[in-house]
Amino acid sequence: MTTPTPFKPTINPHISQSATLNRSKHLSNAMSMVLPALLAVVLMTSTQAPWGPSVFSILLTVLFFVLGSMGLGIGFHRHFTHHAFKTSAAGKAVLGVLGTWSLQGPIVSWVADHRRHHRFADQQYDPHSPWADDNGKIDNRLAGWFHAHMGWKFKVAVSDENRYVPDLLKDPVVMFISRHYWAVAIAGLLAPGVLGLLYGGWDECLTCLLWAGCIRAILLHQFEGVANSITLLFGSKVDGSQDESRNNLWLTVVLMGEGLHSYHHQNATLAMNEPARFDAFGHVLVFFEHLGMVWGLRRAKKPQEVLTAHPAQAGLQGTATI
Ligand SMILES: [Zn+2]
Ligand SMILES: [Zn+2]
């Protein structure tokens, strides 16, 4: 009589089992959120500079917020993750640096997590869904919201970069920016201070550092959290949707097109979301295309077909999401 083989738990191939690697990612994510807040507290408590924003610092805050959003939405998301358009090495470098200035982690880890999010979409091993995490379903709606908003950054395992981002691991521009994440991110945090110093002296420097550096970075973290949480909880789904992503028109305006989440999950590789009139980043890309800065934009062929496409037909499984 043969002895039955003991049950062995399956090791998920898409996440790292290394405790050291996982801890260091959680620490890096925590530092990315804490650093701007800590610097803001130091600036507000230990300097004579006025807390209130100057006109110049407001302009810089808007500028750096928009640039950071573009780096994330157009760069990290539509280009590096989904290859929705092509650009030059210089274009990649600019998008990579601007995205890194948002302090949301190095390009390779951000993209690996996002591709894993599409691969598992609201099932176990989706890193930042309000409905499930690496351990399975999340039943509590409030806990799910917090997990998707920011909790996942300190909890879920590192996505397997060899599986999810083999293209980026071979890209010297991406790897250079990713490897120098902290140098690039801190430069982005301090850059408004340098511009303030050049424009109006020491007080303007500190005011710009506070508003366009720290507060802008804190706001970007919150907006990214909203894109990961609220647009999976509230809004309408595209016909045939197989996951919980939603189109939320109010947030679409605020997130410059990134709130058309259900449409994006059905058509992940397109440069322009539908309805097109709400996709500000899509129009920015068309404008950049006219200037010759980007090319090869992936466009929907026939809206009727695309809106009802099944995810399998739209090529959204596995590496096809890129
Ligand atoms: Zn999504
Ligand atoms: Zn995506």
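The structure displayed is predicted, hence computed values, not measured ones.

Let us now look at the overall build of the chain. Helix and strand counts for the chain come out as 14 helices and four strands. Here the chain holds 322 residues, and the buried ones make up 46% of them. Contacts in the chain between residues at least 24 apart in sequence constitute 67% of all its contacts with a sequence separation of at least 6.

So, on to the confidence of the model for the chain. With 89% of its residues at a pLDDT of 70 or more, the chain has an overall mean of 88. Looking over the chain, one finds the lowest element-wise mean pLDDT in helix α14 (residues 303-307), namely 51, and the highest in helix α3 (residues 89-100), namely 98.

Attention shifts here to α3. Here α3 spans 16 Å end to end across twelve residues, near enough to the 16 Å set by a 1.5 Å rise per residue. Within α3 the residues assigned to the buried category are K92, L95, G96, V97, L98, G99 and T100. Of the surrounding elements, those touching the buried residues of α3 are α2 (55-81), β1 (86-87), α4 (107-120), α8 (172-179) and α9 (181-200).

What follows covers the environment of F281. Looking at where F281 falls in the secondary structure, it is placed in helix α13 (residues 280-290). In contact with F281, other than residues within four places in its own chain, are G73, I74, R78, M256, G257 and E258.

The next thing to look at is the environment of S159. In this fold, S159 is placed in the loop between α5 (141-149) and α6 (161-164). C-alpha of S159 to C-alpha of Q17: the two residues are 142 residues apart in sequence and 9.7 Å apart in space. Not counting chain neighbours up to four residues away, the residues in contact with S159 comprise H14, I15, A112, D113, R116, P127 and Y164.

Formed by 52 residues in total, the largest nonpolar core has its most connected members in I107, V108, V111, L168, C208 and L209. No other element matches helix α10 (residues 202-229), which puts twelve residues into this core. Beyond its immediate chain neighbours, meaning those up to four positions away, V111 contacts F76, F80, T81, V165 and L168. Ranked by size, the runner-up nonpolar core spans eight residues in total, among them I15, Y125, W152 and V158.

By the secondary structure assignment, M33 is in helix α1 (residues 19-46). Measuring from C-alpha to C-alpha, the distance between M33 and I218 comes to 7.1 Å, with 185 residues separating the pair along the chain.

Backbone torsion omega between E274 and P275 reads -5 degrees, so that peptide bond is classified as cis. Mapped onto the secondary structure, P275 falls in the loop between α12 (261-266) and α13. For D122, which is not glycine, the phi torsion reads 70 degrees and is therefore positive. Looking at the element boundaries, D122 is found in the loop between α4 and β2 (132-133). By the C-beta count within 10 Å, which is 17 here, D122 ends up partly exposed.

Its 27 residues place the ends of α2 36 Å apart at the C-alpha level, agreeing with the 39 Å of an ideal helix rising 1.5 Å per residue. When the local axis directions of α2 are compared, the greatest deviation, roughly 30 degrees, occurs at G75. One or two steps after α2, the chain reaches H83, where phi turns positive at roughly 50 degrees.

What follows deals with the packing of α2 against α13. Put simply, α2 and α13 touch, their axes get as near as 11 Å, and they point 75 degrees apart. Compared by their axis directions, α2 and α13 come out roughly perpendicular. For the pair α2 and α13, the contacting residues are M70, G73, I74 and R78 in the first and F281, V284 and L285 in the second. Looking at the contact of α2 with α13, its residues break down into five nonpolar, one polar and one charged.

Conventions we followed
- Residues numbered from 1 in each chain as written.
- Chains lettered and ligands numbered in written order.
- Predicted model: local features only at pLDDT ≥ 70, side-chain atom pairs only at ≥ 80, totals over all residues.
- Helix = DSSP H or I, 4+ residues; strand = E, 2+ residues; numbered from the N terminus.
- Buried ≥ 20, exposed ≤ 12 C-beta atoms within 10 Å, placed from the backbone.
- Contact = placed C-beta atoms within 7 Å.
- pLDDT = per-residue confidence, 0-100.
- Expected span 1.5 Å × (residues − 1).
- Core = buried A, V, L, I, M, F, W, Y, C linked by C-beta atoms within 7 Å.
- Bend = angle between axes of the 7 residues up to and from the residue.
- Axes fitted to C-alpha atoms, helices over the stretch in contact; angles between N-to-C directions.
- Parallel < 35°, antiparallel > 145°, perpendicular 65-115°, else oblique.
- Nonpolar A, V, L, I, M, F, W, Y, C, P; charged D, E, K, R; others polar.

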